[in-house]
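A structural walkthrough
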Amino acid sequence: MSNIVLIGFMGSGKTTVGKKLAVRMGYSFLDTDQYIEEQAKMKISDIFARQGEAAFRSLEDCMLKKIAGMDRTVVSTGGGIPMREENRALLKKIGTVIYLEASEETLWKRLAGDHTRPLLAGADPRGKIHALLSEREPVYRRAADQVILVDDRNAGYIAKEIEKIVKSA
Ligand code: S3P
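Keep in mind that this is a model prediction, so the values were computed, not measured.

Another point: the nonpolar core. If you look at the biggest cluster of nonpolar residues, it comprises 51 residues, and the most contacted ones within it are Ile-4, Ile-7, Phe-9 and Ile-162. Once you skip the residues sitting within four places of it in the chain, Ile-162 turns out to touch Ile-4, Leu-6, Val-17, Leu-21, Ile-98, Leu-100 and Ile-148.

Next comes the structure, spelled out in structure tokens:
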């Protein structure tokens, strides 16, 4: 199937880059967080607050299975999706998996003051980013077919780079 799947940490630009990439490729665009919010008719932060993280992860698993049959789509994924092995296998089946790699410094610049991500809520968000990134970075790398560095690059440039990679594959 011809799809492009963007993975990476919160704040790495998956949604912004994904929308631009979809326009360049003439593909549809799907954001997994937005899809879940529409289906659940609730904000992600409310799902976490009312039902807990485990319930949110189950919604992610179900949603991935539901969307697995799509074609010509750029999919921007929530940062936790590749952490489950089953999901990593499914993402690879769905399409070419691109990891948007951002340094901790860049992520902190973008995420400081963010109130939409429940995993960073409360004390010491910087420490939370550090701990989560250390755990996730090797997993993202393993899950990806290609890695793109996003530090100091704008979304338009990154989208163009991904288009080149995909078209030359
Ligand atoms: C999460 C990332 C978020 C969202 C949820 C959990 C994570 O998506 O799915 O808050 O576990 O990294 P973004 O990566 O789009 O911010």
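This part takes up the sheet that holds strand β5 (residues 146-149). The five strands lie next to each other as β2-β3-β1-β4-β5, forming an open sheet whose pairing is parallel. Each of the sheet's edge strands pairs with one partner strand only, and the pair in question is β2 (28-31) and β5. The sheet shows a mean angle of 20° between the axes of neighbouring strands, direction not considered. Bridge count for strand β4 (residues 96-101) against β5 is four bridges, and the pairing is parallel. Directly across from Leu-100, in β5, lies its bridge partner Ile-148.

Neighbouring the ligand are 14 residues; Lys-14, Asp-33, Arg-57, Arg-117 and Arg-136 lie closest to it. At a separation of 2.6 Å, an oxygen atom of the ligand approaches a polar side-chain atom of Asp-33. Between the ligand and Arg-117, the relevant distance is 2.9 Å, taken from an oxygen atom to a side-chain nitrogen or oxygen of the residue. Alone, the ligand offers 390 Å² of accessible surface; in the complex the protein occludes 94% of this.

Within helix α6 (residues 104-111), burial applies to Thr-106, Leu-107 and Leu-111. One side of α6 carries all its buried residues, which in axial view fall inside an arc of 120°. Contacts from the buried residues of α6 go to α7 (125-143). Phi for Gly-113, located one or two positions after α6, is positive at around 85°.

By secondary structure assignment, the location of Glu-163 is in helix α8 (residues 155-168). What makes Glu-163 buried here is its relative accessible area of 12%. A polar side-chain atom of Glu-163 sits 2.8 Å from a polar atom in the side chain of Lys-167. Beyond its immediate sequence surroundings of up to four residues, Glu-163 is in contact with Leu-21, Arg-24 and Met-25.

Definitions and limits used
Residues numbered from 1 in each chain as written. Predicted model: local features only at pLDDT ≥ 70, side-chain atom pairs only at ≥ 80, totals over all residues. Heavy atoms only, no water. Core = buried A, V, L, I, M, F, W, Y, C linked by side-chain atoms within 4.5 Å. Buried < 20%, exposed > 50% of the residue type's maximum accessible area, 1.4 Å probe, protein only. Contact = heavy atoms within 4.5 Å. Pairing = 2+ DSSP bridges. Helix = DSSP H or I, 4+ residues; strand = E, 2+ residues; numbered from the N terminus. Axes fitted to C-alpha atoms, helices over the stretch in contact; angles between N-to-C directions. Near = heavy atom within 4 Å. Polar contact = N/O pair within 3.5 Å; in protein donor to acceptor, adjacent residues only side chain to side chain. Areas by Shrake-Rupley, 256 points an atom, 1.4 Å probe, with all protein chains shown as cover. Arc of directions from axis to C-beta.

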